[in-house]
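An overview of the molecular structure
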Amino acid sequence: MTREKSIQELLKKEIASKSIPAAVVFAVFAIVVYFYHFHIVKFVIPVQIATFGVLLASALRIFVAKAMTMNGAKKYYWSIIRSTVWLNMISWSVIFSLSAYELQTTGVDYCVLVTVLTCFVSASIVTLSYDKWLFIPFQVLLIFPLIIVALEQWGREGIHGLLVLAFVFFCCFLYQLKQFKEFRFQLLSRLGYQVDLEESLNTLQLSKTELIDQTVNLIQISKASALAEMAGGLSHEVNNSLQIILGSIQQLDRNLRNDLGKEHAYESRIKNIRDAITKIKTVVEGLRHFSQQMDLAPKELCSISDIVSRSLNFSQEILRAHSIELVMGSVPSVKVICHPTQLTQVIYNLIKNAFDAVLINGDEPKWIKIDFVIQGEKLNIYIINSGKKITQDVVSKIFQPFFTTKEVGRGSGLSLSSSLGIAREHHGDLFLDTAQKHTSFVFSLPIVRENQL
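Below is a short write-up of the structure. These figures come from a predicted structure and were not determined experimentally. (Residues numbered from 1 in each chain as written. Predicted model: local features only at pLDDT ≥ 70, side-chain atom pairs only at ≥ 80, totals over all residues. Heavy atoms only, no water.)

Here the focus is the sheet that holds strand S4 (residues 367-375). Spatially, five strands are ordered S2-S4-S5-S7-S6 in an open sheet, and the strand pairing comes out mixed. Either end of the sheet is taken by a strand with one partner, and the two such strands are strand S2 (325-328) and strand S6 (429-432). Strand-to-strand, the axes of this sheet are offset by a mean angle of 15°, without reference to chain direction. Across four bridges, S2 lies against S4 in parallel orientation. Across the sheet, methionine 328 pairs through a bridge with isoleucine 370, a residue of S4. Helix H8 (residues 304-321) contacts S2, S4, strand S5 (378-385) and strand S7 (440-446) of the sheet and is inclined by roughly 165° relative to S2. Sitting on the sheet, helix H11 (residues 415-425) is in contact with S6 and S7, with an inclination near 135° to S6. (Pairing = 2+ DSSP bridges. Helix = DSSP H or I, 4+ residues; strand = E, 2+ residues; numbered from the N terminus. Axes fitted to C-alpha atoms, helices over the stretch in contact; angles between N-to-C directions. Contact = heavy atoms within 4.5 Å.)

Turning next to unusual backbone geometry. Only a minority of non-glycine residues have a phi that is not negative, and only a minority of peptide bonds are not trans. We note that serine 323 has phi near 55°; this positive angle belongs to a residue other than glycine. Structurally, serine 323 can be placed in the loop between H8 and S2. Classification of serine 323 by relative accessible area gives exposed; the value is 60%. With phi around 60°, histidine 427 is a residue other than glycine that occupies positive phi space. On the basis of relative accessibility, which here comes to 61%, the residue histidine 427 falls in the exposed class. (Buried < 20%, exposed > 50% of the residue type's maximum accessible area, 1.4 Å probe, protein only.)

For the rest of this paragraph, the subject is the pattern of salt bridges. Under the definition given, this model contains two salt bridges. The shortest N-O distance in the salt bridge between aspartate 356 and lysine 352 comes to 3.0 Å. With aspartate 356 and lysine 352 both in helix H9 (residues 340-359), this residue pair falls four residues apart, about one helical turn. Exposure remark for aspartate 356: the relative accessible area of 8% places this residue in the buried category. The class for lysine 352 is buried, based on a relative accessible area of 11%. Aspartate 429 serves as the salt-bridge partner of arginine 424, at 3.9 Å between the closest nitrogen and oxygen. (Salt bridge = Lys/Arg side-chain N within 4 Å of Asp/Glu carboxyl O.)

Time to look at the nonpolar core. By size, the foremost hydrophobic cluster in this structure holds 38 residues, and its most contacted members are Ile383 and Phe443. The leading source of residues in this core is H9, at eight residues. Setting aside residues no more than four positions away along its own chain, phenylalanine 443 makes contact with Leu343, Val346, Ile347, Leu350, Leu379, Asn380, Ile381, Ala423, Asp429 and Leu430. In terms of nonpolar packing, the next biggest core, distinct from the first, is built from 16 residues, Val33, Ala50, Val85 and Leu103 among them. (Core = buried A, V, L, I, M, F, W, Y, C linked by side-chain atoms within 4.5 Å.)

Quick look at a nonpolar patch on the surface now. On the surface, Val24, Val28 and Val32 cluster together into a nonpolar patch covering about 230 Å² of accessible area. By the element assignment, valine 32 lies in helix H1 (residues 3-36). For valine 32, a relative accessible area of 47% gives the class partly exposed. (Patch = residues over 30% accessible without salt bridge, like charges linked within 9 Å, V, L, I, M, F, W, Y side chains within 5 Å. Areas by Shrake-Rupley, 256 points an atom, 1.4 Å probe, with all protein chains shown as cover.)

Encoded structure:
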């Protein structure tokens, strides 16, 4: 829809909304005139019939205006509105003309008639400025009573009185025309601003939708990136376990040939095989759960110890392979309502970032510390590393998507931004505690107390 068409639609809706109170007022005036009828006698029947025309026009105008407000400005609705305005004005023109003619422009009743007519002029000029085709019947309302008065003036004062009356009417018409143009210009300007604002809001909404879609895609990209990074650590973990299994089976095969009947001597080796198989199963199961699309699943009640344990399954071996000490604090026995795989991803991301920071620390001590502090209804998980502390100029950027301090090809710049999104989705937070001596990320989560279950 073009801008001009949108303005016209808003204009018609506004006319419809203002038509209802205007029609009610016209109907009330018509009822008063029906019973009062300015004490005229000769034309009382035509005047009362004309009041029925006003009531009919008002009732139809109210009905159609409500329909336009609810269902939109359909073309035939707008035609009916215009027709009711014309019928209303013609009816009032009949009322005022016949009343003025019989009253002979004298007496109290004529003063009442002029007062009512003046009220119509002052009250209608603004409303009728909404549409130029409504301005025309407004002039019909005035012209016939003025012709009656002109004829009276012709009989009393001749051409002089007629010229004076024509001059007054012409000035009145010019004033109305000026008011019509000024008000219509202001009205169209206001509606234009409204259309522009609505278009801006629609554009903003589309941008917001696109941003949400991009964020979802970034999270999925981050998951894929995290999954690829975990594959390195998992390969060490699975490979070591397979080597243990392979070596134990080879030993069992050799020894069983030589030591038949001494099966009890091989119980420790069998236990090693069983433990290695269990470890592989745990790691692969954790990887399977992590790779699934769990975002659409409902949140569940899960213990922090299970989440931390699953995260460490992905990262312990790679830390051990690079001689990085992992210092674990006491894991509290608390539970959270969450998507477990998402929280596992956050903790793994933080450990992986800490690993990258410690790895380039040269000959300095290499360690990562995970600590837990309960503050009220929140659990703060601190992940601290011995690497070089993040500089102040980087602090304000670390949670921005695609920002990374790693070498090209080593980091996507999405792990912290996606982790922050997951934390806030769980009504928690993720931030850098700059008050600590070492780089310290704090993953904050609301906990569920036993009495809340």
